[in-house]
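Spelled out, the chains give:
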Amino acid sequence: MDRNRLLPLVHLWASFLTFLPAIGLGVWQMLMRSPLPTPIDDPNVYYASVTAHGSIMAYVFPTLFAMGFGYAIANSSRGGVLSGRMLAWIGFYVLIAGTVMALVPVALGCSSVLYTFYPTLVGSPWYYLGVVLVILGSFFWIAVMVINMRAWKRDNPGQMVPLALFGITACALLWGWTALGAASEILFQILPVAFGWRHTIDAGLARTLFSLTLHAIVYFWLFPAYIAYYTLMPQAAGGRLYSDTMGRIAFILFLVFSLPVGLHHLFMDPEHGSGFKFVQAMLTFMVVLPTLLTIFTITASLEIAGRLRGGKGLFGWIRALPWDEPMVLAVALSLLLLGPGGFGGLINMSFAMNAMIHNTSWVTAHFHLIFGGAVVIMYFAIAYELWPRLTRRPLISKPIACRQLWLWFWGILIVTVPWHIAGLMGQPRRYAIFDYSDPSEARMAPLVIISAAGGFILFFSVLLFFFVLVRSNLAPRSEVMPPVRYSLAINPPPTVLPLLNGLGFWNLILFALLLISYGYPIGQFFFLRGQDSPGYSLTRELSR
Amino acid sequence: MASSNGNDNLSGLIEEATVEGTERRWFYVMAAMLGVMLAIIVLTGATQMLHPMSDVETIDAKTLHLRGEFVESNLGVSTRPDGSVVVRMIAEQYMFVPQCVVVPASTLVHFRLTSADVTHGFFVEETNTNAMVVPGFITDVRAKFRNTGDLKMPCDEFCGYGHHGMAARVVVVRKDEFMNVSPGERGICGPQ
Amino acid sequence: MIPEDPEPGIGSAWKLLVICVLSGVLVVGFGVGFILLPAFQPGQHASSVHEAIQHALGHHTHDQFPEVMPLPESIPTYVVWDEATIHQALSGDAVRGEFIAINCTACHGEKGMTEQKWIPNLAGINRIVLYKQLADFRSETRLSGPMSAIAQAISPQQAADVAAYFSMLPGILRSEGMRVPESGRSYRTRDDVKRLIFAGDAKRDLAGCATCHGPGAYRLGAPSLSGQNRDYIEQQLHNFAQGVRRNDMNMPMRTVAGVLTADEMHRLAVAFSSSTYQSQ
């Protein structure tokens, strides 16, 4: 196989192969929390499972996916040329090594610190080192993306960088900035204590550094889905993208505003004053903007496609859309999930309403709805688009693919809607077991059972997904598949608009915003006194 | 270059000016909507109880038992001269100390907590009292309970293997009943 | 990454616009967050812009809690888990410790395991735990027969040595490591002692004993109990409940023991001391 296609394919396979066991763990976790009988009914196992599930779903699966998607975009945008393949493979192996290194201690039960690993809780140093390696491996990807975008511009002077390449490079840079928070926390604060060289940690500084990563990472997860909205869907629907400029603006807004907002995860924390909490809350409103703009542009693009297919009247174009195309179906289902998910997000970012649901099941339900729902369904659809082009074998069955997407959609709703309600009723999050003999817990039992049932639906949907991909991979090679094509806009930009064609200026703006919004909140810890506290290990008293 | 077939005769289907016009209008509507939401936040923030805690107070988590505000004999409920009530608790793996406190309704109650070990959190059910408790820092949140009752206060941040078993209780009584609690008892229900 | 700018003027104009808009947004944000909102905080007499900013940054602008810091009525323990103490507790010499431990065998048994059920086994006990208990005996924040005199006769370093020695002996389940996952350790189990040990009791806001004492989870300073002597465990639970023993830093044991019934204390002691729940 052409090595430039092997690279993204391997990444995408790896990402979904980590996804599958993580989903399995998730199903078990839903059972454990419910009143239903569960195998290996041991709370310690639950916390190890949540650590593994969260670490894979947050750090490994979406990163590998974005990397694969990025290499596919770069390769196809450059007409079959991909620079830096050696770097890319090094990055892949480093990332896989890191994944194994991180998950082994978790599986052994000696690092059940959860993927947010809030100190002063400390786990096995190999877990943290593994996470660092995963980040390091992905940084090779960032370099390759930048190299290839530059090369494209060099090879095509006077033209705008294709929207997909522009988007995925912005995504890579966003990830680079995002990872700095968690990486600094791990390298400078946690690892010295985990290895036993130091014994105390400033928990406030650690939470603040992590907050840098915690919000921006969700936009990193979201980015590939949005790239697909703009560049894969309009063509799959048989139309054009309503506005290329809007796509670029949306990507730039994500790049610039995803980071200086993390403090809204620390609204309820004692280590920051209200001033910066408010400033970052306000900046959070800015990062809602690209999603709102995208909804309009994408709906308009769908409408174009629908009307071109003969749809008439105010809503007739909806029925006329090619619903048998997995990409089109996925976008529609994704937007349907993005609505309530986004609404939940607006509640979380408003301090007064956040106080009602902070650290309750509402939060867990929210990000499962928006990430597990709106975003992952797009990952499936992107996979359905890319696999045939990368393997030169068509999908065995688009109807089965569509059915798999519908299953996922309903599964997500069945899992997350009762979960949201349980959160509103005051169910705390990250609990392994609940005492359902207590009447106040018993009233939540039906909700948790419904969510658990939804988990099984999701698992079955993933099995169906693998069925489609594996069978397609094994099918005989067909006639030459057309290469990956990205949607054109109705009015492709006639000249180069430099600010929408490059990322240097925007990185500078981002850096300035980071300094302004996080400078004092992080800097203050170096002047506060007395807050360093001992690290606590769950399974081994400090024995070094 | 790999992009969709430019020969589909769709270029220029809609004039760029129209596209730009609709996008710009949508942008203004969205920006206005966000502006209204922000204004609501600001306005509600100017009202009592609806603002994030602000004072950054550090404390040495290692010496809570030796000196300072959270020594054993100072935990529990006390009354300030202005009539408001202060509840002091330590959050540790896997309990709050004291586990049960009595507070008066319709009175300003300060919850002051700190952690003896790892990050915990707490919320008082059926209220908006919800905060993180981070070792090295003191958490101070205000509450005013309208109704009497026996409220559960679970830990809401993962703090270790016993996280699901960590909770306290806040017993809200009528203001006149609270006055009968003698100062020496420190408002602790259950064993001291 | 620097974009090629075919028409330099236009590019710069847009950049300037972006910077201006952003600056405006930030000025409004900082203005509202640091000046406007703090002025409305209840109880904050923010009489000046400077005070408002100070409050928004998190600094006390005026003393909110002017109460005089109370003196503690009693000190539970003088041990503080700072770097120095932890380091000393963990760096004992087991060879020296064995020599000192000859004096312990009369009560605590030849190899740290004793038949006298009201005296604790020391074999396998965690170094931090033993170091702290000796320190508390030394400072008389814990009292038990001759232990204070004994502890006062050895220095803290010697205590660390003894602790290192006993921690290496086989006996009590070690305070380390993960436990092999096993079913029946949640609220679902019908064995109520097992439930109390591994899941706790939500009605009394009790976490399971195993979450601090193991198997499989250990809180700093909490000894492993599997294999400890039955009567000793029961006696200590009673002592904590009655406040006779008070050296648990920040009161975890007094809180827990206070809500256990006498029958439960007995059954927990039996369960931990026997091999029933000793699986890792």
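Residues numbered from 1 in each chain as written. Chains lettered and ligands numbered in written order. Predicted model: local features only at pLDDT ≥ 70, side-chain atom pairs only at ≥ 80, totals over all residues. Heavy atoms only, no water.

## Examining the nonpolar core
A general tendency of soluble globular proteins is for nonpolar side chains to be buried together. What counts is decided by this rule: To define a nonpolar core, start from buried Ala, Val, Leu, Ile, Met, Phe, Trp, Tyr and Cys residues and group those joined through side-chain atoms within 4.5 Å. Any residue under 20% of the maximum accessible area for its type is buried, any over 50% is exposed, and the rest in between are partly exposed; the area is computed with a 1.4 Å probe on protein chains only. Marked domain ranges trace back to an automatic or database domain assignment. Contacts between residues were defined by any pair of non-hydrogen atoms, one from each residue, lying within 4.5 Å.
One finds Phe16(A) and Trp141(A) to be the most contacted residues of the largest nonpolar core, which totals 213 residues. Inspection of this core shows a minimum of three residues originating in each of domain 1 (12-51) and domain 2 (61-186) of chain B. When near neighbours in sequence (up to four residues on either side) are disregarded, Phe16(A) contacts Phe61(A), Phe65(A), Tyr379(A), Phe380(A), Ala383(A), Trp387(A), Phe465(A) and Phe466(A). Ala105(B), Phe111(B), Val79(C) and Phe137(C) belong to the second-largest nonpolar core, a separate cluster that totals 89 residues.

## Side note on the pattern of salt bridges
Let me state the cut-off plainly: Any carboxyl oxygen of Asp or Glu that lies within 4 Å of a side-chain nitrogen of Lys or Arg is treated as forming a salt bridge with it. Helix numbering and strand numbering both begin at the N terminus, where a helix is a DSSP run of H or I of at least 4 residues and a strand a DSSP run of E of at least 2.
Counted under the stated rule, the structure contains 39 salt bridges over all chains. The shortest N-O distance in the salt bridge between Glu72(B) and Arg254(C) comes to 2.7 Å. Residue Glu72(B) is located in the loop between β1 (57-58) and β2 (76-79), and its partner Arg254(C) is located in helix α12 (residues 252-257); the two belong to separate chains. Judged by its relative accessible area of 10%, Glu72(B) is buried. Close ionic contact of Arg267(C) with Asp192(C) constitutes a salt bridge, the shortest N to O distance being 3.0 Å. In this pair, Arg267(C) is assigned in helix α13 (residues 262-273) and Asp192(C) in helix α9 (residues 192-198), connecting sequence segments 75 residues apart.

## A look at the interface of chain C and chain A
By a frequent convention, interface size equals the accessible area lost on bringing the separate parts together. Cut-off, in case you're wondering: Simply put, the buried area is the total loss of 1.4 Å probe accessible area from both parts when two parts are fitted together. Definition of a polar contact: a pair of N or O atoms within 3.5 Å, with one able to donate and the other able to accept a hydrogen when the atoms are protein atoms, and with sequence-neighbouring residues admitted only if both atoms are side-chain atoms. Amino acids outside the nonpolar list (Ala, Val, Leu, Ile, Met, Phe, Trp, Tyr, Cys, Pro) and the charged list (Asp, Glu, Lys, Arg) are all regarded as polar, and Gly is one of them.
With 57 residues of chain C in contact, the opposing surface of chain A contributes 60 residues. Here chain C and chain A share an interface that buries about 4,700 Å² over both sides, 64% of which is from carbon and sulfur atoms. Taken together, the links from chain C to chain A amount to three salt bridges. Taken together, the links from chain C to chain A amount to 18 residue pairs in polar contact (both at pLDDT 80 or more). The set of elements that each furnish at least two residues to the side of chain C that touches chain A consists of α1 (8-39), α2 (49-57), α3 (83-90) and α6 (127-139) of chain C. Take the side of chain C that touches chain A: its biggest share by element is 14 residues, from α1(C). Here the side of chain C that touches chain A is composed, by residue class, of 31 nonpolar, 14 polar and twelve charged.

## What about the packing of aromatic side chains?
Aromatic ring pairs are defined here through the distance separating the ring centres and the angle between the ring planes. Selection rule: In summary, the pairing rule links any two rings of Phe, Tyr or Trp, Trp by its six-membered ring, whose centres are within 6.5 Å, and it sorts them by plane angle into stacked for under 30 degrees, edge-to-face for over 60 and tilted for everything else.
On inspection of all chains with the given rule, the structure shows 61 aromatic pairs over all chains. An angle of 35° between the planes, with centres 5.3 Å apart, marks the rings of Phe223(A) and Phe251(A) as tilted. Taken together, the residues span a long stretch of sequence, with Phe223(A) in helix α6 (residues 203-231) and Phe251(A) in helix α8 (residues 244-257) at a distance of 28 residues. The exposure classification of Phe223(A) matches that of Phe251(A), with both residues buried. Ring geometry for Phe276(A) against Phe34(C): centres 5.1 Å apart, planes inclined by 80°, an arrangement best described as edge-to-face. Taken together, the positions of Phe276(A) in helix α9 (residues 274-308) and Phe34(C) in helix α1 put the pair across two chains.

## Re the sheet that holds strand β5 (residues 100-104) of chain B
Residues and elements named next belong to chain B. Note the cut-off: A strand pair is defined by DSSP finding two or more bridges across the two strands. Here an angle of 0 to 180 degrees is reported between the N-to-C directions of two axes, which are lines fitted to C-alpha atoms, with helices fitted over the stretch in contact.
Spatially, the three strands line up as an open sheet ordered β5-β11-β10, and their pairing is mixed. Two strands in the sheet have a free side with no partner beyond their single neighbour: β5 and β10 (149-154). Ignoring strand direction, the axes of neighbouring strands in this sheet form an average angle of 25°. Across five bridges, β5 lies against strand β11 (residues 167-173) in parallel orientation. Considered in β11, the bridge of Val-102 is made with Val-171.

## Quick notes on the interface of chain B and chain A
Between chain B and chain A, the contact holds 68 residues from the first and 85 residues from the second. Area buried by chain B at its contact with chain A is led by Phe158(B), Tyr161(B) and His164(B), which between them contribute 13% of it. Here chain B is connected to chain A by one salt bridge. With a closest N to O distance of 2.9 Å, Arg430(A) and Glu157(B) form a salt bridge. Taken together, the links from chain B to chain A amount to 21 residue pairs in polar contact (both at pLDDT 80 or more). Every element with two or more residues in the side of chain B that touches chain A is listed here: α1 (16-45), β8 (130-133) and β9 (137-144) of chain B. Considering every element that reaches the side of chain B that touches chain A, the biggest residue donor is α1(B), with 15 residues.

## Thoughts on the state of the cysteines
Residues and elements named next belong to chain B. Basically, it comes down to this: We call a pair of cysteine sulfur atoms a disulfide whenever their separation is within 2.5 Å.
In this structure the tally under the stated criterion is one disulfide over all chains. With a sulfur-sulfur separation of 1.9 Å, Cys-100 is cross-linked through a disulfide to Cys-189. Between Cys-100 and Cys-189, the S-S torsion sits near -90°, and that sign places the bridge as left-handed. Here Cys-189 lies in the segment after α2 (175-179) and Cys-100 lies in strand β5, a separation of 89 residues in the sequence. You can call Cys-189 partly exposed: its relative accessible area is 21%.

## Some words on the domain arrangement of chain C
Residue and element names in this part refer to chain C. Annotation of chain C at the domain level lists domain 1 (78-171) and domain 2 (173-280). For domain 1 versus domain 2, the separation of C-alpha centres amounts to 22 Å. Taken together, the contacts link 22 residues of domain 1 with 17 residues of domain 2. When the two sides are added together, the surface that domain 1 and domain 2 hide from each other amounts to roughly 1,700 Å², 48% of it contributed by carbon and sulfur. For the pair domain 1 and domain 2, the number of links is zero salt bridges. Counting every contact that joins domain 1 to domain 2 gives 14 residue pairs in polar contact (both at pLDDT 80 or more). Broken down by element, the side of domain 1 that touches domain 2 gets its largest block of residues, five residues, from α6. Class assignment of the residues belonging to the side of domain 1 that touches domain 2 gives a composition of nine nonpolar, nine polar and four charged.

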